[in-house]
Amino acid sequence: MRIKHAILSGVLPFTIATHAAAAVVPANQSSDPWYTDAAATTSAKANAAATPEKAKNVILFVGDGMGVTTLTAARILQGQQAGALGEEGYLSFETFPHTALVKTYNVDAQTPDSAGTMTAMMSGVKSDAGVLGVTEDIERGDCNTVSGNELITAIELAELKGLATGIISTARITHATPAAAYAKAADRNWEDDGDMPTAAKEAGCEDIASQLVNFETNLEARIADADVDGLDVVMGGGRRSFLPKDAAFNSNDAVSSVEGDRTDSRDLTAEWKTRYPAGEYVIDKDGFDAIDASSTSKLFGLFNESHMQYEADRGNDVAGEPSLTEMTAKAIDILDNNNNGYLLVVESGRIDHAHHAGSAYGALSDTIELSNAVQAAIDATDPDETLIMVTADHSHVFTIAGYPKRGNPILGKVVNVGETLPTTAADGMPYTTVGYTNGLGFHHLGTETDADAVYSQGNQAGRADLSSIDTEATGFHQEATIPLGSETHAGEDISIHAQGPGSQFARGVVEQNMVFHMINQALDLLTGE
Ligand SMILES: [Zn+2]
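Reading the values: the criteria
- Along each chain, residue indices are assigned from 1 in the same order as the chain's sequence is written.
- Per-residue local features of the predicted model are confined to residues with pLDDT of at least 70, and side-chain atom pairs are confined, for both listing and counting, to 80 or more; whole-chain, interface and lining totals are unaffected and use all residues.
- Heavy atoms from the whole structure form the basis of all side-chain values; hydrogens and water molecules are not counted.
- The start and end points of each domain follow an automatic or database-based domain assignment.
- Residue contacts are counted whenever heavy atoms from the two residues lie within 4.5 Å of one another.
- What counts as buried area is the accessible surface, traced by a 1.4 Å probe, that two parts surrender upon association, with contributions from both included.
- The rule for a salt bridge is simple: a side-chain nitrogen of Lys or Arg has to be within 4 Å of a carboxyl oxygen of Asp or Glu.
- UniProt positions are given in the numbering used here, feature names are shortened, and annotations may be inferred rather than shown by experiment.
- Here a helix means four or more residues in a row that DSSP labels H or I, a strand means two or more in a row labelled E, and each is numbered from the N terminus.
- In summary, the pairing rule links any two rings of Phe, Tyr or Trp, Trp by its six-membered ring, whose centres are within 6.5 Å, and it sorts them by plane angle into stacked for under 30 degrees, edge-to-face for over 60 and tilted for everything else.
- Throughout this description, buried means an accessible area under 20% of the type-specific maximum (1.4 Å probe, protein chains only), exposed means over 50%, and partly exposed covers the range between.
- Any Lys NZ or Arg CZ found within 6 Å of a ring centre and within 35 degrees of that ring's normal is scored as a charge over the ring.
- Counted as donors are N, O and S atoms no farther than 2.8 Å from the metal, or 3.2 Å for Na, K and Ca; water is not among the atoms, and sites may therefore look incomplete.
- Donor angles set the geometry label: tetrahedral for four donors if every angle is between 85 and 135 degrees, square planar for four and octahedral for six if opposite donors exceed 155 degrees and the others are between 65 and 115, irregular for anything else.
- Any two cysteine sulfur atoms within 2.5 Å of one another count as a disulfide.
- For two strands to be treated as a pair, DSSP must find at least two bridges joining them.
- In the analysis that follows, any N or O atom pair within 3.5 Å is treated as a polar contact, provided that within protein one partner can donate a hydrogen and the other can accept it, and provided that, for residues neighboring in sequence, both atoms belong to side chains.
- We call a set of buried Ala, Val, Leu, Ile, Met, Phe, Trp, Tyr and Cys residues a nonpolar core when their side-chain atoms join them within 4.5 Å.

**Quick look at the domain arrangement of the protein chain**
Okay, so step 1: If you check the domain split of the protein chain, you get domain 1 (57–234 + 339–396 + 495–523) and domain 2 (398–487).
Okay, so step 2: Of note, the centres of domain 1 and domain 2, computed from C-alpha atoms alone, are 30 Å apart.
Okay, so step 3: Facing the 22 residues of domain 1 at the interface are 21 residues of domain 2.
Okay, so step 4: For the pair domain 1 and domain 2, the summed buried area comes to about 1900 Å², and 57% of that belongs to carbon and sulfur atoms.
Okay, so step 5: When residues of domain 1 are sorted by the area they lose upon contact with domain 2, H356, A357 and Y361 head the list and together hold 27% of the total.
Okay, so step 6: Where domain 1 meets domain 2, there are 3 salt bridges.

In structure tokens:
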């Protein structure tokens, strides 16, 4: 009746509904902070200015294996580490104005891997699991099927358009996610020549590390009349794929007796320095800290022989490593020297690895650090000219279960609402809130902060008596149901969170290859120079 009257008199139904609510909502409801906070959030969204579509810069953050459950648990842990109950907080990017759910499957896989998913995000085309920068017409592992199936990536298009480009990862820089930004390979495992089958080398395929160092010349060879200046900022782990298998090339950060893996005796770090004599090559925290962003045009940082350390374990690195936050801030400082703008891809690579190892503490600590890195990007950029997107490549079989009471430690045992002691299961034993469907299962490695230490232990999937175990310890690994040598990815949708020009297209349920098209839409990569 009231709504009909409002329409007849030319007043918007929304307005009359609000007035009606004011009359019938009890005062203790309309003054309740839950009510007023959510009302304020709604009005802010209703009153937000229209978002422009074109950006000068794009920063894409990828949390490898960072499913929605991981976000929820990380936000609770972050709050609890700050002394709050935890559930009410947000990770830095969770307050971005635009969000979508993302379908992650590969062309040939229901539950995907990082190579196929990042290929989709970087090229706009979904492909097979395990391959980099090539279409589904590839035969995985067959070098002869690469030619003619290569895809061009957003990083390559940004280079061609004269933008500055950067790639950062806490994994080996030759690992699947970062490699999909710059390499074409029939197998993600071809990180250096020592990893490649003889047939592939004889057929002329180039290993991934070599493709990184030859990025500029390879791109110019593929595109007629192209003249690019190469990747401007590259930072991560994976030094072993760039050095000869010869102890004489070991760095002061080496852990293995022979650091390098290359069997062709090439030193790709020396090749990079020859190609970019004004560039800076650094391998540790001191070298990183000495970089003056205002005068550095090219930066190549390889901070570990394999993956960089877990954030929780970073203090144990031999020669010291920068954090993901520090690398992100430094990269932006260098890239924004280019007045044309930049495209920066940042991967938090080890959320995935900690989940594979069954260490929620490791995965959540790296997720919180990714949130810090995104905050550094927010602080260093103008939201009117920089599109920031935060997403994942795929999820993990990680769950938040039971009925723990509000504020119960997210890494603790379930204590039901109204209780003070851990709740017991039908087998009489307590159980944790977070856990895994599969993997190596329960292990307690004390104060260990390297999640991968679990791989020297046996498989202990199934129930364990946790009565006297501190499940919040850094070295605790959660129970798993199905015994596997490594916990697996999960196939449900992940999320994308976006702010800045062009972020408004992150809405609904979308295919993962839309990420490329959002970058392209914002930067107009295909038009003009
Ligand atoms: Zn993985």
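Back to the write-up after that little detour.
**A short note on the UniProt feature "active site" (unreviewed entry) in the protein chain**
Okay, so step 1: This chain's UniProt record puts "active site" (unreviewed entry) on S114.
Okay, so step 2: Mapped onto the elements of the fold, S114 is located in helix α6 (residues 114–123).
Okay, so step 3: Each residue touching S114, except ones within four places of it in the same chain, is listed here: D64, A176, T177, R188, D393 and H394.

**Some words on the packing of aromatic side chains**
Okay, so step 1: Counting across every chain of the model gives 7 aromatic pairs.
Okay, so step 2: Ring plane angle 40° and centroid distance 5.3 Å describe the contact between F398 and Y436, whose orientation is recorded as tilted. On the criterion of sequence distance, the pair formed by F398 in strand β10 (residues 398–400) and Y436 in strand β11 (residues 434–439) is long-range, its members being 38 residues apart.
Okay, so step 3: Residue classification places Y436 among the buried positions, given a relative accessible area of 5%.
Okay, so step 4: Here F442 and F476 contribute two aromatic rings whose centre-to-centre distance is 5.7 Å and whose plane-to-plane angle is 50°, an arrangement assigned as tilted. With F442 in the loop between β11 and β12 (443–444) and F476 in strand β13 (residues 476–477), the pair connects residues that are 34 residues apart, well separated along the chain. By the burial criterion, F442 is buried, and F476 matches it.
Okay, so step 5: Taken together through their ring pairs, the aromatic side chains of F242, W272, Y276, Y281 and F300 make up a single cluster.
Okay, so step 6: The ring centre of F288 lies 4.7 Å from the NZ or CZ of K330, which sits over that ring.

**Focus: the coordination of the zinc ion**
Okay, so step 1: For the zinc ion, every protein donor is listed as D352 (OD), D352 (OD), H356 (NE2) and H489 (NE2), and the spread of their distances is 2.1 to 2.3 Å.
Okay, so step 2: Of note is the zinc ion, whose 4 donor atoms meet at the metal with angles of 56 to 149° in an arrangement that counts as irregular.
Okay, so step 3: Read in sequence order, the donor residues for the zinc ion give the motif D-x3-H-x132-H. On the criterion of sequence distance, the pair formed by D352 in helix α15 (residues 350–356) and H489 in strand β15 (residues 489–490) is long-range, its members being 137 residues apart.
Okay, so step 4: Exposure remark for H489: the relative accessible area of 15% places this residue in the buried category.

**Describing the state of the cysteines**
Okay, so step 1: Inspection of every chain in the model, using the stated rule, returns 1 disulfide.
Okay, so step 2: Disulfide pairing is shown between C143 and C205; the S-S distance is 2.1 Å. When the S-S torsion is 100°, as for the bridge of C143 with C205, the disulfide is right-handed. One end of the pair, C143, is in the loop between α6 and α7 (154–160); the other, C205, is in the loop between α9 (198–202) and α10 (208–213), and 62 residues separate them in sequence.
Okay, so step 3: Accessibility expressed as a relative area gives 18% for C205, which makes it buried.

**Topic: helix α17 (residues 514–523)**
Okay, so step 1: With 8 of 10 residues buried, α17 lies mostly within the body of the structure.
Okay, so step 2: Elements in contact with the buried residues of α17: β1 (57–63), α6, α7, β7 (342–348), β8 (386–392) and β16 (494–499).
Okay, so step 3: Within two residues after α17, D524 carries a phi angle of roughly 50°, on the positive side.

**Examining the pairing of β16**
Okay, so step 1: Counting buried positions along β16 yields 6 of 6 residues, so the element is predominantly enclosed.
Okay, so step 2: Judged by which residues are buried, β16 turns out to be covered on both faces: I494, I496 and A498 on one side and S495, H497 and Q499 on the other are all buried.
Okay, so step 3: Here 5 bridges tie strand β2 (residues 98–103) to β16, and the two strands are oriented antiparallel to one another. The partner of A100 across the bridge, within β16, is I496.
Okay, so step 4: Across 4 bridges, the pairing between β8 and β16 is antiparallel. In the sheet register, T391 faces β16, and the bridge partner there is I496.

**Concerning the UniProt feature "binding site: Mg(2+)" (unreviewed entry) in the protein chain**
Okay, so step 1: As annotated in UniProt, the feature "binding site: Mg(2+)" (unreviewed entry) corresponds to D64, H175, T177 and E347 in the numbering used here. In sequence the annotated residues extend across 284 residues, while in space they remain close, none of their C-alpha pairs exceeding 11.2 Å.
Okay, so step 2: Among the structural elements, T177 can be located in helix α8 (residues 176–182).
Okay, so step 3: We classify T177 as buried; its relative accessible area is 1%.
Okay, so step 4: Apart from residues no more than four positions distant in its own chain, T177 is found in contact with V62, D64, S114, M118, E347 and D393.
Okay, so step 5: Among the polar contacts listed, one links the side chain of T177 to the side chain of D64, at a separation of 2.9 Å.
Okay, so step 6: Tracing the chain through its elements places E347 in strand β7.
Okay, so step 7: Residue class for E347 comes out buried when judged on its relative accessible area of 1%.
Okay, so step 8: Apart from residues lying up to four places away in sequence, E347 is in contact with V62, D64, I168, S169, T170, A171, T177, P178 and L324.

**Examining the nonpolar core**
Okay, so step 1: With 117 residues, the main nonpolar core has F61, M389 and I519 as its most contacted residues.
Okay, so step 2: A per-element tally of this core places helix α16 (residues 360–380) first, with 9 residues.
Okay, so step 3: Summarising the domain contributions, this core has at least three residues from each of domain 1 (57–234 + 339–396 + 495–523) and domain 2 (398–487).

**A few points about unusual backbone geometry**
Okay, so step 1: The phi torsion at D225 lies on the positive side, around 65°, for a residue other than glycine.
Okay, so step 2: Residue placement: D225 occurs in the loop between α11 (215–222) and β4 (233–237).
Okay, so step 3: The phi angle at S265 is positive, at roughly 60°, despite the residue not being glycine.
Okay, so step 4: Take S265: it is sitting in the loop between β4 and α12 (268–275).

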